[in-house]
Amino acid sequence: MGIFDGLPISREKSYLREELSKIDESWAAARFDSLPHVVHILTSKDREGDVHALNEQSDIIEEVVDEVVHAYHGGFNKAIQNYSQILRLFSESAQSIGALKVDLTEAKQLLGARNKQLHQLWYRSVTLRHIISLLDQIEGISKVPSRIEKLIAEKQFYAAVQLHVQSTLMLEREGLQTVGALQDVRSELTKLRGILFYKVLEDLHSHLYNKGEYSSSVDGHNEDGAVDMNDAASEGYTPSARVNGGDSGTREMKIVARQVPIWLSDSTPDEFVEAMRKGDAPLCVKYLRTLVECLCMLGKVAAAGAIICQRLRPTVHEIITTKIKTLAEHMNGSKPGLSQDVFLTTTGLQYLKGRLEGRRVPRHKHQNNISLTGALVAVSPVSYVMSPAGTAQFAAKELLDSILDTVVRVLENHVIVGELIESKASQQVGLNTPKAMAAEIHWSHDSDASHDTGGYSIAFSLTVLQSECQQLICEILRATPEAASADATVQTARLAGKVPTKEKRDGSEDGLTFAFRFTDVSMSIPNQGSELVRQGWSKKGTNVLKEGYGTGVLLPEQGIYLAASVYRPVLQFTDKVASMLPQKNSQLGNDGLFAFVENFVKDHFLPTMFVDYRKAVQQAISSPAAFRPRAHTATSYTPSIEKGRPVLQGLLAIDLLAKEVLGWAQAMPKFSGDIITYMQTFLERTYERCRTSYMEAVLEKQSYMLIGRHDIDKLLRLGPDITRLSSSIDQAIRDTNASDAESVEIEMELCDKLLNLRPIKQENLIRDDNKLILLASLSDSLEYVADSIERLGKSSSSSYNQVEENGREKTLHHSRTNSAPPKNLVTFAEEYRKLAIDCLKVLRMEMQLETIFHIQEMTNREYLDDQDAEEPDDFIISLTSQITRRDEEMLPFVADTKRNYIFGGICCVAANASIKALADMKSINLFGVQQICRNSIALEQALAAISSVDSESVQMRLDRVRTYYELLNMPFEALLAFISEHEHFFTAAEYANLLKVQVPGREIPDDAQDRVAEILPR
């Protein structure tokens, strides 16, 4: 940009800008030096041209100056005019100031002359204003009582208290103390103070127990069943959740939290109102704070605390009793309108009521008319409804859950109010307590805090609430806490700051101690009415305590065994209490209700349960019918216990008792270790009883002694039929199962060992079929119990692991220790299962020995019949009839796989015994061969009739016997040809026995043995 660019040149002469841009800027320098230009012209060759150019530039500059002057001419004229006006105004101002000075001097002289009169007039005006103010105040104070009454009617308690306090202070001001017209106002304000106190206290009492207008419950419904929508809804309020629940951080809640609550709408704005407006606490908590603030402003904190203490126990008792009556009325259908929480509770109770009315003792009928529940009722120390899964347990738990939930909500309010009262009481120096109240309540002078709060504290509230819950639990358990009542009264008095009576016992200050006796009637507290009256309790409250709670209306039965349903609700209640208590009161939750329940379970429930179940177990296993197989009408075995599985009554009862005891353990995880340990003891006793019954059937019998031999037991474990017990034997035995070829060799080896025992004596066999049926039924029953125990063991282990994991993940406020981990019940299941397998082994061995006992009659005999026999031999007929009879008798008691194992060894032993019997025969003819074949056919038919036996395997084995004996009808050369073609079909010894026996009409050369030996492999 050039130095001439800012000149005001019009558009018509824009060429001047171009001409100016050609002029060197050196002509406009601050210190212009003309010498260089003069020298330039003098030395220039074209001097005239340079001079002419300078003239032209001069003309342009002059023309530009003309344009500038023309452009700024009007502005210069206006500036000169403004300057002239400014000079004129300054001159006029100087003249006015001079006149003002003269006027001020004259005014000063006039005021100095009337100074005293002015002072008198000012003082008179001040006095008149003060008198007018007093008259206004008197007029306003005279209207205060009616305004307070109106605010009380509208439940604007804080505004009423504010007005009362302000009016009281105003009456104490100088000038109003001697006004006689205000005496009536003073009297009315004194009365209104008492009315305000009781109105506020009554509203506080209602909200403490969730019966007030602004109370809210966990599910958003009040005690009357209506949704908790009050007048605050018109201001944008909805009932909030409790302090420890609900989502108070939502956007809507934050918006509402910044508004003044409706009960403070008429209040004078102050620090408390502003705190309520800005606070984020739930609506019910704000209202409780407002009521406590009102009591503090009235100076009635101690009096209010004393009355709250006085009404606490009767009110809680009434709440519990009313809730129980409400539930009972709803069950009877006499009260249509109830809240949602009551509806949910009574729905469950009504359901179990229907179950109880429909079937007091449910009976699951089997096909053999045996009732599972009937078997349990016959031996269980508790009725069906009192069992761990019984309806009485469910009813007690539902009832206690509902009541303890109500108590928790009440305690939550008491914690809030207790903290507020304690903090407010510490701020007040003087207490204003009515004399009548002082006459009824004896203050304790050993605690200033208790004196300032009237004995009311969080500890007192918690103690009374837990005491009432303890009384309720005692009624449910039919335990009369006579000594506990005295201790509770003493501790209540101590925590309330009262002087206890002579019934205070040593050690009561360390916590509640309970002593019990059990009764069949409802709970009562005799001879304590006078004591309660002396401590400030009303006669009505005493009568309520004596009446009990009426839980018998809802519970089908009451008794000590309901401790299982009490334990978990009390545990959850203790956790909730611990979570809401302030840090300084955190230890209060450890003592009291949960400690009482734990001590009760440990000192009373567990010993009683152990004694009762020990008797029940003894009765179950010592009954004459305990190990007696049932008279069964079924024609087949069923694996389902509900459809008639013939488990022995004793073992069935033990199984049901074990499940019942495990139910007690699961209901109380802390004591599960002790309970399961006890269950193991009676499982051991049951096992010994089963072992005794087993020994009574097999003692001194050859089959029992054989399975005890190491070599026989090893062969039985490796035998092919052991896989029939795959559901019973352990994995190690199944893994060592031999191949098919090895199995045949093992089977042959076992048969040889059994055949070497010949002759078998009848007295060494179990001839009583009832004992065999007992062994079969005992085996199946032991198998059933073993499977059940194994399931129980897994269930108890998982429950214990869950308790341990929960214990590691969650640190509770109260001390809670778990029992030692229970011994694995699987070991007991294995012992039961091994005994069941031993029973099957004995039965299998018995049938094999029985077969050998009958077939051994073939030895040392001549089969030289002269005609074809139409019937098998007598011993075969006896054997087949015995097999058929025992199969039919065992059919309902043993599964098919087990029956296959029992009867599966007969065919092998019979075939081998028949073939080996030829070596001991003297002679045999054609009719003898036919007789033996007929024997094998009869045996085959008997075994094939057993549904669980493989008929093809039986036919193949006995066909081998018939083929072997039919070889006796062949000539020697034909026999040699058969041997050459089937050299492995029989052993060398068996082929040799064919040559040794005398067969009429058959010629055997002298070198027959050598020729046969040449054919057979060496």
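These figures come from a predicted structure and were not determined experimentally. (Residues numbered from 1 in each chain as written. Predicted model: local features only at pLDDT ≥ 70, side-chain atom pairs only at ≥ 80, totals over all residues. Heavy atoms only, no water.)

Draft legend 1. Molecular detail of the overall build of the protein. For the protein, the helix and strand inventory stands at 38 helices and 2 strands. Look at the contacts in the protein between residues 6 or more apart in sequence, and 78% of them connect residues 24 or more apart. Carbon and sulfur atoms provide 52% of the accessible area of the protein, an area that totals close to 50,600 Å². (Helix = DSSP H or I, 4+ residues; strand = E, 2+ residues; numbered from the N terminus. Contact = heavy atoms within 4.5 Å. Areas by Shrake-Rupley, 256 points an atom, 1.4 Å probe, with all protein chains shown as cover.)

Draft legend 2. Structural detail: the environment of asparagine 860. As for its position among the elements, asparagine 860 is in the loop between α30 (826-855) and α31 (874-890). For asparagine 860, a relative accessible area of 59% puts it in the exposed group. Taking C-alpha positions, asparagine 860 is 8.3 Å from alanine 917, a pair spaced 57 residues apart along the chain. (Buried < 20%, exposed > 50% of the residue type's maximum accessible area, 1.4 Å probe, protein only.)

Draft legend 3. Structural detail: the side chain of asparagine 925. With respect to the element layout, asparagine 925 can be found in the loop between α33 (906-917) and α34 (926-944). Among the polar contacts made by the side chain of asparagine 925, one reaches the main-chain amide nitrogen of glycine 928 at a distance of 2.8 Å. With sequence-adjacent residues up to four places away left out, asparagine 925 is seen in contact with Tyr863, Leu864, Asp865 and Pro1000. (Polar contact = N/O pair within 3.5 Å; in protein donor to acceptor, adjacent residues only side chain to side chain.)

Draft legend 4. Structural context of helix α23 (residues 649-667). A rise of 1.5 Å per residue sets the reference length of α23, with its 19 residues, at 27 Å; its end C-alpha atoms lie 27 Å apart and thus fit the reference within 8%. Counting buried positions along α23 yields 16 of 19 residues, so the element is predominantly enclosed. (Expected span 1.5 Å × (residues − 1).)

Draft legend 5. Focus on the packing of aromatic side chains. Here the structure, examined in full by the defined rule, presents 19 aromatic pairs. Pairing phenylalanine 197 with tyrosine 198 gives two aromatic rings, centres 4.9 Å apart and planes at 65°, and the pair type is edge-to-face. Assessed through its relative accessible area of 1%, phenylalanine 197 is described here as buried. Overall, tyrosine 198 belongs to the partly exposed group, its relative accessible area being 46%. For the ring pair tyrosine 964 and tyrosine 965, a centre distance of 5.7 Å and an interplane angle of 90° mean the geometry is edge-to-face. (Phe/Tyr/Trp six-rings, centres within 6.5 Å; stacked < 30°, edge-to-face > 60°.)

Draft legend 6. Expanded view of the pattern of salt bridges. Taken as a whole and assessed by the stated rule, the structure comprises 32 salt bridges. A salt bridge links arginine 861 to aspartate 873, with the nearest nitrogen and oxygen atoms 3.9 Å apart. Residue arginine 861 is found in the loop between α30 and α31, and its partner aspartate 873 is found in the loop between α30 and α31; the two are separated by 12 residues along the sequence. Arginine 861 sits in the partly exposed class, given a relative accessible area of 30%. The class of aspartate 873 is buried, set by a relative accessible area of 9%. Close ionic contact of arginine 962 with aspartate 959 constitutes a salt bridge, the shortest N to O distance being 2.0 Å. Highlighted residues: arginine 962 and aspartate 959, both in helix α35 (residues 951-966), separated by 3 residues, approximately one helical turn. According to the relative accessible area criterion, arginine 962 is buried, its value standing at 12%. Taking relative accessible area as the criterion, aspartate 959 reaches 27% and is therefore assigned partly exposed. (Salt bridge = Lys/Arg side-chain N within 4 Å of Asp/Glu carboxyl O.)

Draft legend 7. Main features of a nonpolar patch on the surface. A contiguous nonpolar surface patch, about 240 Å² in accessible area, is contributed by Ile61, Val65 and Val69. Positionally, valine 65 belongs in helix α3 (residues 47-113). On the accessibility criterion, valine 65 (43% relative accessible area) is partly exposed. (Patch = residues over 30% accessible without salt bridge, like charges linked within 9 Å, V, L, I, M, F, W, Y side chains within 5 Å.)

Draft legend 8. Spatial organisation of the nonpolar core. Membership of the largest hydrophobic core comes to 243 residues, with the highest contact counts inside it found for Phe605, Ile924 and Tyr965. At 17 residues, helix α14 (residues 391-425) tops the list of elements feeding residues into this core. Ranked by size, the runner-up nonpolar core spans 6 residues in total, among them Ile9, Ile23, Ile60 and Val64. (Core = buried A, V, L, I, M, F, W, Y, C linked by side-chain atoms within 4.5 Å.)

Draft legend 9. Structural view of a negative patch on the surface. Together, Glu56, Asp59, Glu62 and Asp66 give the surface a local cluster of negative charge. Mapped onto the secondary structure, glutamate 56 falls in helix α3. (Lys, Arg positive; Asp, Glu negative; His and termini not counted. Charge placed at Lys NZ, Arg CZ, Asp CG, Glu CD.)

Draft legend 10. Inspection of unusual backbone geometry at higher detail. In this structure, the amide linkage connecting arginine 758 to the following residue, proline 759, adopts the cis form with an omega of 5°. With respect to the secondary-structure elements, proline 759 resides in the loop between α28 (740-755) and α29 (769-809). The phi dihedral of lysine 155 falls on the positive side, at around 60°, and the residue is not glycine. Its location among the elements puts lysine 155 in the loop between α5 (144-153) and α6 (157-171). Take lysine 155: its relative accessible area is 38%, and that puts it in the partly exposed class.

Draft legend 11. Layout of the packing of helix α10 (residues 283-298) against α14. Contact geometry of α10 with α14 gives a least axis separation of 10 Å together with a crossing angle of 30°. Considering the angle they form, α10 stands roughly parallel to α14. Considering only the axes of α10 and α14, their crossing is right-handed. Of the residues in α14, those in contact with Val285, Leu288, Arg289, Val292, Glu293 and Cys296 of α10 are Asn413, Ile416, Val417, Leu420, Ile421 and Lys424. (Axes fitted to C-alpha atoms, helices over the stretch in contact; angles between N-to-C directions. Parallel < 35°, antiparallel > 145°, perpendicular 65-115°, else oblique. Left-handed = near helix turned anticlockwise from the far one by under 90°.)

Draft legend 12. A look at the packing of α31 against helix α32 (residues 896-903). Remark: α31 packs on α32, axes separated minimally by 11 Å, with the N-to-C direction vectors making an angle of 155°. On the basis of their axis angle, the class for α31 and α32 is roughly antiparallel. Where α31 crosses over α32, the handedness of that crossing is right-handed. Contacts between α31 and α32 involve Ile883, Arg886, Asp887 and Met890 from the former and Arg899, Ile902 and Phe903 from the latter.

Draft legend 13. Highlighting the environment of aspartate 873. Between the C-alpha atom of aspartate 873 and that of arginine 934, which follows or precedes it by 61 residues, the distance is 8.5 Å. Beyond its immediate stretch of four places on either side in the chain, aspartate 873 contacts Arg861, Tyr863, Gln931 and Asn935. Reaching out from aspartate 873, the side chain makes a polar contact with the side chain of asparagine 935 at a distance of 2.7 Å.

Draft legend 14. Main features of the side chain of lysine 323. By the element assignment, lysine 323 lies in helix α11 (residues 301-331). For lysine 323, the side chain forms a polar contact with the side chain of serine 402, separated by 3.5 Å.

Draft legend 15. Local environment of α30. Taking 1.5 Å of rise per residue, the 30 residues of α30 would be expected to cover 44 Å, and the 43 Å separating its terminal C-alpha atoms lies within 8% of that figure. Most of α30 sits out of view: 24 of its 30 residues are buried.

Draft legend 16. Highlighting the state of the cysteines. Considering all chains together, one arrives at 0 disulfides under this definition. Cysteine 839 supplies the cysteine sulfur nearest to cysteine 690, a cysteine that is in no disulfide, at a spacing of 8.7 Å. In this structure cysteine 690 comes out as buried when scored by relative accessible area, which is 0%. (Disulfide = S-S within 2.5 Å.)

Draft legend 17. Geometry of the confidence of the model for the protein. Looking at the protein as a whole, the pLDDT averages 76, with 74% of positions reaching at least 70. Between the elements of the protein, mean pLDDT differs from a low of 32, seen in helix α19 (residues 529-534), to a high of 92, seen in α31. Here residues 429-448 scores under 50 on pLDDT; set against residues more than four positions off or in separate chains, the count is 30 contacts. Note that pLDDT drops below 50 for residues 807-823; the model gives that stretch 33 contacts with residues more than four away or on any other chain. (pLDDT = per-residue confidence, 0-100.)

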